[in-house]
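Observations on the model geometry
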Amino acid sequence: MRYVSTRGQAPARDFSSVLLAGLAEDGGLFMPESWPVFSAAEWRALRGLPYAELAARVMAPFTEGSLPGDTLRLMTQRAYAGFGHAATAPLVQIEPQIFALELFHGPTLAFKDMAMQLLGQLFDHVLAERGERVTIVGATSGDTGSAAIEACRDRDNIDVVILHPEGRTSAVQRRQMTTVLSPNIHNIALQGSFDDCQDLVKAMFNDAPFRQEMRLSAVNSINWARIAAQVPYYVAAALALGAPERPVAVAVPTGNFGNVLAAWVARRMGLPIERLIVGANRNDILARFLASNDMSVHGVAPSLSPSMDIQVSSNFERLLFELLGRDAAATTDTMQRFRAEGRMPVPDEAWRRATALFHGFTLSDEGTLEEIRRLHRDSAYLADPHTAIGVAAARAHRPEKGIPVIVAATAHPAKFPEAVEKATGFRPPLPPRMADLYAREERFAVLPNDLEAVEAVVRGHARRNSH
Ligand SMILES: Cc1ncc(COP(=O)(O)O)c(C=O)c1O
Ligand SMILES: N[C@@H](CCOP(=O)(O)O)C(=O)O
């Protein structure tokens, strides 16, 4: 499989090169040159397979030409071996028609592990094969950072620098990152929002000499490998609920638009997903876009679902590219105007095409607490604030009877104990292996929102590269 940039000015690349590059050299995001489509018989053949096997088969078209099928299979087996649930991503019915797809049984208790554990394997393999090393720079609103750190800690050929917005993650999320004292792991608490962190990461990639010198690589969902590794769980869930004979809907608590885009990709591959429901907190730019074609940035406001405190959703560019008929020049122009004016001018017919499939929903903090309370009371289900928004979104946009809704349950409630306790009176405990999290030493640097300052710190850490 070859990949092209949404901005049309970077050379096409294979999967391994896309993995290492992260962002395309022209500032765009990589997309498959064409979409693989599975037939109904091919979907049926995946039904009931162990998750690692299913994941390898679903991802195979994306890695074709870069990785032999057996190598990929070995990696998926290793990636999911350490998960805390035999089903890897179990599907739990929480009310009529609504099912939680629990994606939080990995080492850091959030859905990011589903892709990141595999990315760790992929980086190992490709870097060893090429005899190269990389400096990973990542932005996190709380979960990507710890999942990346967990997947890449103690690697000789990878340095990891993660930027999180100072004071805007939960304490558990922050400590999961900052208490990892491995020599190749570095945390920066940025005086700004997640959007500022993500802007700085992109700015480092767009600084060509710096990017080259540091051999930068990405673990955010700007990296296509992240999206590809998030497709299989939608396939597994849909098959379990009767696909390909029976259509399903998918509801996703959304921030950077990566997780819901992965569901869109599954649909593009022929999985019968009837609708995609996008849940938002008060940072509701995507819901506003879907309701009235208003994609304007209002500034990031803190909420009880901090991982979704995002206004500029990177992966929207991938959908835009498709909505504009893969017109890279129009995509570039639209993205540049968005950056310059803070408002994205999406043509009306493209917006209508989006709204035929995507439905938006916004929930306040009070609504989120009420939803956590309701799920606990009526379904004996303990949801974290992000998952609660997904469930409320599913209920608000529930399709006709007979079409089940898969809700991406994106984090374990123990990552957000204060919110869950406030709603239910019950404080979910961390698993025993994390019981001493609050007693562990933390290490991180606090930096202003300034590219030069951040690049200096990255350079300092990546200097190990030349030894
Ligand atoms: C717990 C949780 N839920 C939802 C989201 C939003 O997912 P996405 O950024 O893929 O839209 C995130 C962060 O990405 C998250 O960590
Ligand atoms: N919510 C994320 C933000 C980054 O998203 P990503 O999927 O692009 O890595 C987080 O928790 O860090």
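Values in this document were obtained by computation on a predicted structure and should not be read as measured data.

1. Quick notes on the overall build of the protein
- The number of helices and strands found in the protein is 20 helices and 14 strands.
- On C-alpha atoms alone, the protein measures out to a radius of gyration of 20 Å, which is about the 23 Å that the 2.2 N^0.38 rule sets for 467 residues.
- When each of the 467 residues of the protein is scored for burial, the buried share is 64%.
- In the protein, of all internal contacts separated by at least 6 residues, the share reaching a separation of at least 24 is 76%.
- Here the protein has roughly 16,400 Å² of accessible surface; of this, 50% comes from carbon and sulfur atoms.
- Here the protein contributes 48 positive and 52 negative side-chain charges, whose respective centroids are spaced 3 Å apart.

2. Quick word on the site of ligand 1
- Near ligand 1 lie 15 residues; those nearest to it are Lys 112, Asp 143, Gly 255, Asn 256 and Thr 410.
- In the environment of ligand 1, an oxygen atom lies 2.5 Å from a nitrogen or oxygen atom belonging to the side chain of Asp 143.
- Within the contact set of ligand 1, an oxygen atom lies 2.8 Å away from a backbone nitrogen or oxygen of Asn 259.
- Burial of ligand 1 by the protein amounts to 98% of the accessible area it has alone, namely 380 Å².

3. Side note on the nonpolar core
- Among the nonpolar cores identified, the biggest contains 111 residues, and Phe 123, Trp 224, Val 235 and Phe 358 are the most heavily contacted of them.
- Counting residues per element, this core draws most heavily on helix H5 (residues 112-130), at 9 residues.
- Ignoring sequence-local partners within four residues, the contact set of Val 235 consists of Trp 43, Leu 46, Leu 54, Val 58, Ala 266 and Leu 271.

4. Looking at the environment of Ala 266
- Here Ala 266 lies in helix H12 (residues 258-268).
- Taking the C-alpha atoms as reference, Ala 266 lies 9.3 Å from Gln 230; in sequence the two are 36 residues apart.
- Ignoring anything within four residues of it in the chain, the contact list for Ala 266 reads Trp 43, Val 231, Tyr 234, Val 235, Leu 271 and Ile 273.

5. Focus on the pattern of salt bridges
- Applying the stated criterion across every chain yields a total of 31 salt bridges.
- One salt bridge in this structure joins Glu 245 and Arg 47, with 2.8 Å as the shortest N-O distance. Taken together, the residues span a long stretch of sequence, with Glu 245 in the loop between helix H11 (232-240) and strand S10 (248-253) and Arg 47 in the loop between helix H2 (40-44) and helix H3 (51-63) at a distance of 198 residues.
- Between Arg 440 and Asp 436 there is a salt bridge, with the nearest N and O atoms lying 2.7 Å from each other.
- On the basis of relative accessible area, Arg 440 is assigned to the partly exposed category, the value being 29%.
- In this structure, a network of salt bridges that share partners links the residues Glu 53, Arg 57, Asp 70 and Arg 73.

6. A short note on the confidence of the model for the protein
- For the protein, per-residue confidence averages 97 on the pLDDT scale, and 99% of positions sit at 70 or higher.
- Across the interface, the model reports ipTM at 0.99; the global pTM reads 0.97.

7. Some remarks on the site of ligand 2
- The environment of ligand 2 is made up of 13 residues, and the closest members are Thr 140, Asp 143, Thr 144, Ser 221 and Arg 226.
- A distance of 2.6 Å separates an oxygen atom of ligand 2 from a polar side-chain atom of Thr 144.
- One nitrogen or oxygen atom from the main chain of Ser 307 is found 2.8 Å from a nitrogen atom belonging to ligand 2.
- Residue classes in the shell around ligand 2 are distributed as 2 nonpolar, 8 polar and 3 charged.

8. Looking at the packing of H3 against H11
- Contact geometry of H3 with H11 gives a least axis separation of 9 Å together with a crossing angle of 115 degrees. When you trace H3 past H11, the crossing you get is right-handed. Here Tyr 51, Leu 54, Ala 55, Val 58 and Met 59 of H3 lie close against H11, whose contacting residues are Pro 232, Tyr 233, Val 235, Ala 236 and Leu 239.
- Here the residues of the contact of H3 with H11 sort into 10 nonpolar, no polar and no charged.

Definitions and limits used
- Residues numbered from 1 in each chain as written.
- Chains lettered and ligands numbered in written order.
- Predicted model: local features only at pLDDT ≥ 70, side-chain atom pairs only at ≥ 80, totals over all residues.
- Heavy atoms only, no water.
- Helix = DSSP H or I, 4+ residues; strand = E, 2+ residues; numbered from the N terminus.
- Rg over C-alpha atoms; globule rule 2.2 N^0.38 Å.
- Buried < 20%, exposed > 50% of the residue type's maximum accessible area, 1.4 Å probe, protein only.
- Contact = heavy atoms within 4.5 Å.
- Areas by Shrake-Rupley, 256 points an atom, 1.4 Å probe, with all protein chains shown as cover.
- Lys, Arg positive; Asp, Glu negative; His and termini not counted.
- Charge placed at Lys NZ, Arg CZ, Asp CG, Glu CD.
- Near = heavy atom within 4 Å.
- Polar contact = N/O pair within 3.5 Å; in protein donor to acceptor, adjacent residues only side chain to side chain.
- Core = buried A, V, L, I, M, F, W, Y, C linked by side-chain atoms within 4.5 Å.
- Salt bridge = Lys/Arg side-chain N within 4 Å of Asp/Glu carboxyl O.
- pLDDT = per-residue confidence, 0-100.
- Nonpolar A, V, L, I, M, F, W, Y, C, P; charged D, E, K, R; others polar.
- Axes fitted to C-alpha atoms, helices over the stretch in contact; angles between N-to-C directions.
- Left-handed = near helix turned anticlockwise from the far one by under 90°.

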